[in-house]
Amino acid sequence: MKSKLAFAWGVGGVCALLGFAVYRLVPVALEPLADDLMAMHYAAYAVSIVVMAYSEGYKAFQRGFAPRVVARALHASHAPTPLRVLLAPAFCMGLFDAERRRLIVSWCTTFGVIGLVLLVSGLDQPWRGAVDAGVVAGLSWGLAAIAWFTARGLIGHPPTVPSDVPGAAPAT
């Protein structure tokens, strides 16, 4: 690896961003559980956790985002540029120096998440807590997936997803 800094900062920065979101959401998700909730509220929590763990955690993070973050971090470590090293977390999330399709998907996802955060923050408890509990489940799954792909990448088993860097060799 030419630049361990690019790899560590890229993966570490993405994990810090996701971890900070989990840290901020856990108290909001747990707050309503201190009250007497109705069965439908507990059901909303359960459904939210299961749906978000599957859709956000497994489908979005484990099958797409997490391996791509690690693939791009590995690419940045093998072909570092000052911008890739300085903005490694943004590079790993595909926010620059990516193929057109990846840029569109990454930026639309970023703005979509911001929009959803604003919408959910306007919900009353316990509904907000139920949604946030699901988000915590999905983000936690995502963090675990990034750790898994990172560990595998460091022992010589890089993710098989493309890095989507223009001109980069396709994944094997």
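The notes below deal with the structure included here. It should be emphasised that the depicted structure is a prediction, and the values quoted were computed from it without experimental measurement.

1. Focus: the overall build of the protein chain
When you go through the protein chain residue by residue, the secondary structure sums to six helices and zero strands. The order of α-helices and β-strands along the protein chain, N terminus first, is α-α-α-α-α-α. For the protein chain, the C-alpha atoms occupy an extent of roughly 55 × 30 × 25 Å along the three principal directions. Taking all 172 residues of the protein chain together, the buried fraction comes to 41%. Counting only contacts in the protein chain whose residues sit at least 6 apart along the sequence, the fraction spanning at least 24 positions is 77%. Working note: accessible area of the protein chain is about 9,700 Å², and carbon and sulfur atoms make up 71% of it. Seen as two clouds, the 13 positive and the 9 negative side-chain charges of the protein chain have centres 18 Å apart.

2. Quick look at a nonpolar patch on the surface
Together, Met 38, Met 40, Leu 123 and Trp 127 line one region of the surface with nonpolar side chains, adding up to about 390 Å² of accessible area. The class for Leu 123 is partly exposed, based on a relative accessible area of 38%.

About the thresholds
- Residues numbered from 1 in each chain as written.
- Predicted model: local features only at pLDDT ≥ 70, side-chain atom pairs only at ≥ 80, totals over all residues.
- Heavy atoms only, no water.
- Helix = DSSP H or I, 4+ residues; strand = E, 2+ residues; numbered from the N terminus.
- Buried < 20%, exposed > 50% of the residue type's maximum accessible area, 1.4 Å probe, protein only.
- Contact = heavy atoms within 4.5 Å.
- Areas by Shrake-Rupley, 256 points an atom, 1.4 Å probe, with all protein chains shown as cover.
- Lys, Arg positive; Asp, Glu negative; His and termini not counted.
- Charge placed at Lys NZ, Arg CZ, Asp CG, Glu CD.
- Patch = residues over 30% accessible without salt bridge, like charges linked within 9 Å, V, L, I, M, F, W, Y side chains within 5 Å.
- Salt bridge = Lys/Arg side-chain N within 4 Å of Asp/Glu carboxyl O.

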